[in-house]
Structure formats: structure tokens, C-alpha cells
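Given next are the chains, with one letter for each unit.
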Amino acid sequence: MNTESNIELRAFVIADYEAAFALWSSIDGLYLSESDTKEAVAAFLDRNPGFSVVAVDGNGDMVGAVLCGHNGRAASLYHLAVAESARGKGVGQRLVQFCVARLTAANVARCSVFVYTDNEVGNRFWLNNGWYDPDTWKVLQRRL
């Protein structure tokens, strides 16, 4: 576990789901879907063990979480969230660094994030931390 500013990082396990779901639900601009049930997140964590991460404060409260997974050639980060009380302390950057380090060790060449266009705080975070908004492609989606 990494400790800085009394906040520890550790791998996200399914026992963290309820606290993570509550955190995600509290974040403006972060939207949850049918893909975010406990069963779906458990399957995601099983397919990507050790890649997702949570941040816990000295009281044991979850103050950050992000899901991270890959298919062997590309990765995605989902639902990066930092509690308002922990913002401005580098928690979001540390969560991303945790994921990027594991992806690099797994020889995954690139990583994408999905941020809603109306999520101003999220977009500002990503753009200020070395991520870019490509204008050469877009995401298309189909509900199954």
C-alpha cells in the first residue's frame, strides 16, 4: 500500500463495491448504468485482477476509486472518482499512476478514458494530466 497525506491505495476488490458505488453516485457528471451492478463489476475485476484501485483515508473511508482493465493490447479506465473532501491532494493522479504502472508492466500500449462531455471537472482533470481529446475518431455504442 502506498501512503501519502494519510491516504492509502490498494487494489480494488469486490468487497469495496458498495463504498465505490456510493462514491460514484455522489460525483456530478459520472453516470452509472446497467454495466455497474455488483455482478458486472465482480466479473470485470475477475478478468483484470490487480488493475483497479481504491484510495482509503485514515478513518477507513473510501475517498477514491477507479476501474481499470485491458484486452492485452489496449486498456480503459472507468469511473475515476475522488471525494470532494480529498480533491486537490493528488489522489486522482495517484489512482491513475497505480493503473498506468500495472498496464505498463503488462505491456499494454495505450489506455483510453471515457468522460461525458458535460463532466467539466472530469474533463479538466484528464486534460491537465497529459491526456488528450483526439479529433480523429469517436466512440460508437450499441446497447446489447
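Everything here concerns the structure above.
Notes on the structure in this doc start here.

1. Observations regarding a nonpolar patch on the surface
- Together, Tyr 78, Phe 114, Trp 137 and Val 139 make up an exposed nonpolar region whose accessible area comes to about 410 Å².
- By the secondary structure assignment, Trp 137 is in the segment after helix H4 (120–128).

2. Here's the deal with the pattern of salt bridges
- Taken as a whole, this structure holds three salt bridges when the rule is applied.
- Between Glu 18 and Lys 38 there is a salt bridge, with its nearest N and O atoms 3.1 Å apart. Pair noted here: Glu 18 is in helix H1 (residues 17–25) and Lys 38 is in helix H2 (residues 38–47), with a separation of 20 residues, a long-range link.
- The exposure class assigned to Glu 18 is partly exposed, which follows from its relative accessible area of 44%.
- Of the residues examined, Lys 38 reaches a relative accessible area of 33% and is grouped as partly exposed.
- With a closest N to O distance of 2.7 Å, Glu 34 and Arg 143 form a salt bridge. Of this pair, Glu 34 sits in the loop between H1 and H2 while Arg 143 sits in the segment after H4, placing them 109 residues apart in sequence.
- Taking the relative accessible area as the measure of exposure, Arg 143 reaches 56% and is therefore exposed.

What counts, and at which threshold
- Residues numbered from 1 in each chain as written.
- Predicted model: local features only at pLDDT ≥ 70, side-chain atom pairs only at ≥ 80, totals over all residues.
- Heavy atoms only, no water.
- Patch = residues over 30% accessible without salt bridge, like charges linked within 9 Å, V, L, I, M, F, W, Y side chains within 5 Å.
- Areas by Shrake-Rupley, 256 points an atom, 1.4 Å probe, with all protein chains shown as cover.
- Salt bridge = Lys/Arg side-chain N within 4 Å of Asp/Glu carboxyl O.
- Helix = DSSP H or I, 4+ residues; strand = E, 2+ residues; numbered from the N terminus.
- Buried < 20%, exposed > 50% of the residue type's maximum accessible area, 1.4 Å probe, protein only.

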